[in-house]
Amino acid sequence: MKKFSTECPSASDFYHLYQTTGWNADQTYGKEQLDQAIRNSWYTLSVYEDEQLIGFGRIISDGVYQAFLCDLIVLPEQRNNGIGSELVERLLAHCKVHGLRWIQLSCAKGKQAFYERFGFRARPHDAPGMQRFLDQ
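Residues numbered from 1 in each chain as written. Predicted model: local features only at pLDDT ≥ 70, side-chain atom pairs only at ≥ 80, totals over all residues. Heavy atoms only, no water.

Engineer: Which parts of the structure should I look at to understand helix 2 (residues 31–39)?
Structural biologist: Every α-helical turn comprises 3.6 residues, leaving residues that sit three or four positions apart pointing alike. Every buried residue of helix 2 is listed here: Leu 34, Asp 35 and Ile 38. The buried side chains of helix 2 occupy one side of the element, clustering within an arc of 100° when seen end-on. Projecting away from the buried face of helix 2 at angles above 90 degrees are the exposed residues Glu 32 and Gln 36. On its buried face, helix 2 is in contact with helix 1 (11–19), strand 2 (43–49) and strand 3 (52–61). (Buried < 20%, exposed > 50% of the residue type's maximum accessible area, 1.4 Å probe, protein only. Helix = DSSP H or I, 4+ residues; strand = E, 2+ residues; numbered from the N terminus. Arc of directions from axis to C-beta. Contact = heavy atoms within 4.5 Å.)

Engineer: Which parts of the structure should I look at to understand helix 3 (residues 83–97)?
Structural biologist: Along its 15 residues, helix 3 runs 21 Å from first to last C-alpha, staying within 8% of the 21 Å computed at 1.5 Å per residue. For helix 3, the set of buried residues is Ile 83, Gly 84, Ser 85, Leu 87, Val 88, Leu 91, His 94 and Cys 95. Tucked into the core, helix 3 has its buried residues touching strand 1 (2–5), strand 2, strand 3, strand 4 (66–74), strand 5 (102–105) and helix 4 (112–116). Looking at the residues trailing helix 3, positive phi occurs at Gly 99, about 80°. (Expected span 1.5 Å × (residues − 1).)

Engineer: How should the side chain of His 94 be read in this particular structure?
Structural biologist: Along the chain, the position of His 94 falls in helix 3. Excluding residues within four positions of it along the chain, His 94 makes contact with Trp 42 and Tyr 43.

Engineer: Would you take a moment to explain unusual backbone geometry for this structure?
Structural biologist: If a residue is not glycine, its phi is most likely negative; likewise, a peptide bond is most likely trans. Of note, the phi angle at Asp 50 is positive, near 50°, even though the residue is not glycine. According to the relative accessible area criterion, Asp 50 is exposed, its value standing at 67%.

Engineer: What am I meant to see in the nonpolar core here?
Structural biologist: Across soluble globular proteins, nonpolar side chains have a tendency to be buried as a group. In this structure, Phe 14, Ile 59, Leu 69, Leu 72, Leu 87, Ile 103 and Tyr 115 are the most contacted members of the largest nonpolar core, which totals 32 residues. When residues no more than four places from it in sequence are discounted, the contact partners of Leu 72 are Trp 23, Phe 56, Gly 57, Gly 84, Leu 87, Val 88, Phe 114 and Tyr 115. (Core = buried A, V, L, I, M, F, W, Y, C linked by side-chain atoms within 4.5 Å.)

Engineer: Would you take a moment to explain the environment of Arg 117 for this structure?
Structural biologist: Of note, Arg 117 is situated in the segment after helix 4. Residue Arg 117 is classed as exposed on the basis of its relative accessible area of 57%. C-alpha separation for the pair Arg 117 and Ser 85, spaced 32 residues apart in sequence, amounts to 9.1 Å.

Listed below in structure tokens is the structure:
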């Protein structure tokens, strides 16, 4: 049976789940850094099955009008079972309850159709936003 929790998972459990994405293949972020990142979130949602962390998502927000959905992760062997969809639905519901209307995200290549099912749309090509990665 799946259990949802708003408590942050342990640093070890999150690190293990995060590593399944391939996003940290070069070990840019250590376990402690990732733990600090999720603990600084506005809202987190974890999914467990038999005490194992199998899914996670979080919202970064100012709590007023902007929110950013990030780190939506489902353990590879648990994908296509509705866990990701339920995470997105619950995260969006939490935003709605708190009056947040502008929800943004960045998604991995090939995942856009998944988010479109929840009403997300690509930003116009003439206003895609900008980003910069600072050197250490």
